[in-house]
Amino acid sequence: MSSKVGCLLVTTGVVLFVILSTKLLVQPFIPENYFLHEYFPSTELFLGVPIFFGVLFFCGFGFYIFKEILKENEFFSKIW
């Protein structure tokens, strides 16, 4: 089961990398009236969504670390 999940994660990462690379590196050199532009969202949305989820992940991770550090302190361990 875990090997299938790992394979799915790696495959998804590679596909997203190829799509993002194509969007950012190739699309600016293609004329505006070409059909390829219809299949990609705007650049602001394309970059904003991963940045938003990255910030959300690091905020959650920071909160978890902060909570674990406070658990080790005997004064704050009564609160958590």
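Along each chain, the written sequence defines residue order, and numbers are assigned to residues from 1. The predicted nature of this model means local features are confined to residues of pLDDT at least 70 and side-chain atom pairs, given and counted, to a pLDDT of 80 or more, with totals for whole chains, interfaces and linings taken over all residues. Where side-chain values are given, they derive from all heavy atoms of the structure, hydrogens and water being excluded.

1. Overview of the overall build of the protein
Helix and strand assignments follow DSSP, with helices taken as H or I runs no shorter than four residues and strands as E runs no shorter than two, numbered in order from the N terminus. Counting secondary structure elements, the protein contains 2 helices and 0 strands. The 80 residues of the protein split such that 9% are buried. The accessible surface values rely on the Shrake-Rupley method and a 1.4 Å probe; as for residues, cover is taken only from the protein chains in view. When the accessible surface of the protein is totalled, it reaches about 7,100 Å², and 75% of it is carbon and sulfur. All tallies of charge rest on Lys and Arg as positive and Asp and Glu as negative; His and the ends of each chain are not included. For charged residues, the charge sits on one atom: NZ in Lys, CZ in Arg, CG in Asp, CD in Glu. The distance from the centre of the 5 positive side-chain charges to the centre of the 6 negative ones in the protein is 13 Å. A simple rule labels every residue: compare its accessible area, found with a 1.4 Å probe on the protein chains alone, to the largest value its type can have, and call it buried under 20%, exposed over 50%, or partly exposed in between.

2. A short note on the packing of aromatic side chains
Any Phe, Tyr or Trp ring, taking Trp's six-membered ring, that has another such ring centre within 6.5 Å forms a pair; planes under 30 degrees apart are called stacked, those over 60 apart edge-to-face, and the others tilted. The final tally for this structure, using the stated rule, is 5 aromatic pairs. Between Phe52 and Phe53, the ring centres sit 5.5 Å apart and the planes meet at 65°, which makes this aromatic pair edge-to-face. Taking the centre distance of 6.1 Å and the plane angle of 10° together, the rings of Phe57 and Phe61 count as stacked. Of this pair, Phe57 and Phe61 both sit in helix H2 (residues 43-72), 4 residues apart, which is roughly one turn of the helix.

3. Considering the pattern of salt bridges
Each reported salt bridge corresponds to a side-chain nitrogen of Lys or Arg within 4 Å of a carboxyl oxygen of Asp or Glu. Inspection of every chain in the model, using the stated rule, returns 1 salt bridge. For the salt bridge of Glu68 with Lys71, the shortest nitrogen-to-oxygen distance reads 3.6 Å. With Glu68 and Lys71 both in helix H2 and 3 residues apart, this pair spans about one turn of that helix. Given the relative accessible area of 40%, Lys71 is considered partly exposed.

4. Considering the side chain of Gln27
Here Gln27 lies in the loop between helix H1 (2-26) and H2. On the basis of relative accessible area, Gln27 is assigned to the buried category, the value being 7%. The contact criterion used throughout is that any non-hydrogen atoms of two residues lie within 4.5 Å. Residue contacts for Gln27: discarding those within four places in its chain leaves Thr22, His37 and Phe40.

5. Quick look at the UniProt feature "transmembrane region" (unreviewed entry) in the protein
UniProt positions are given in the numbering used here, feature names are shortened, and annotations may be inferred rather than shown by experiment. Those residues carrying the UniProt feature "transmembrane region" (unreviewed entry) are residues 45-66 in this numbering. A helix fraction of 100% and a strand fraction of 0% characterise residues 45-66, whose end C-alpha atoms lie 31 Å from each other.

6. As for a nonpolar patch on the surface
Candidates for patches are residues over 30% relative accessible area with no salt bridge; among them, like charges are joined within 9 Å and nonpolar side chains (Val, Leu, Ile, Met, Phe, Trp, Tyr) within 5 Å. Together, Leu24, Leu25, Val26, Leu47, Ile51 and Val55 give the surface a local cluster of nonpolar side chains, amounting to about 520 Å² of exposed area. For the nonpolar patch, the secondary structure elements donating two or more residues are H1 and H2. Examined against the element boundaries, Ile51 turns out to sit in helix H2. Of the residues examined, Ile51 reaches a relative accessible area of 54% and is grouped as exposed.

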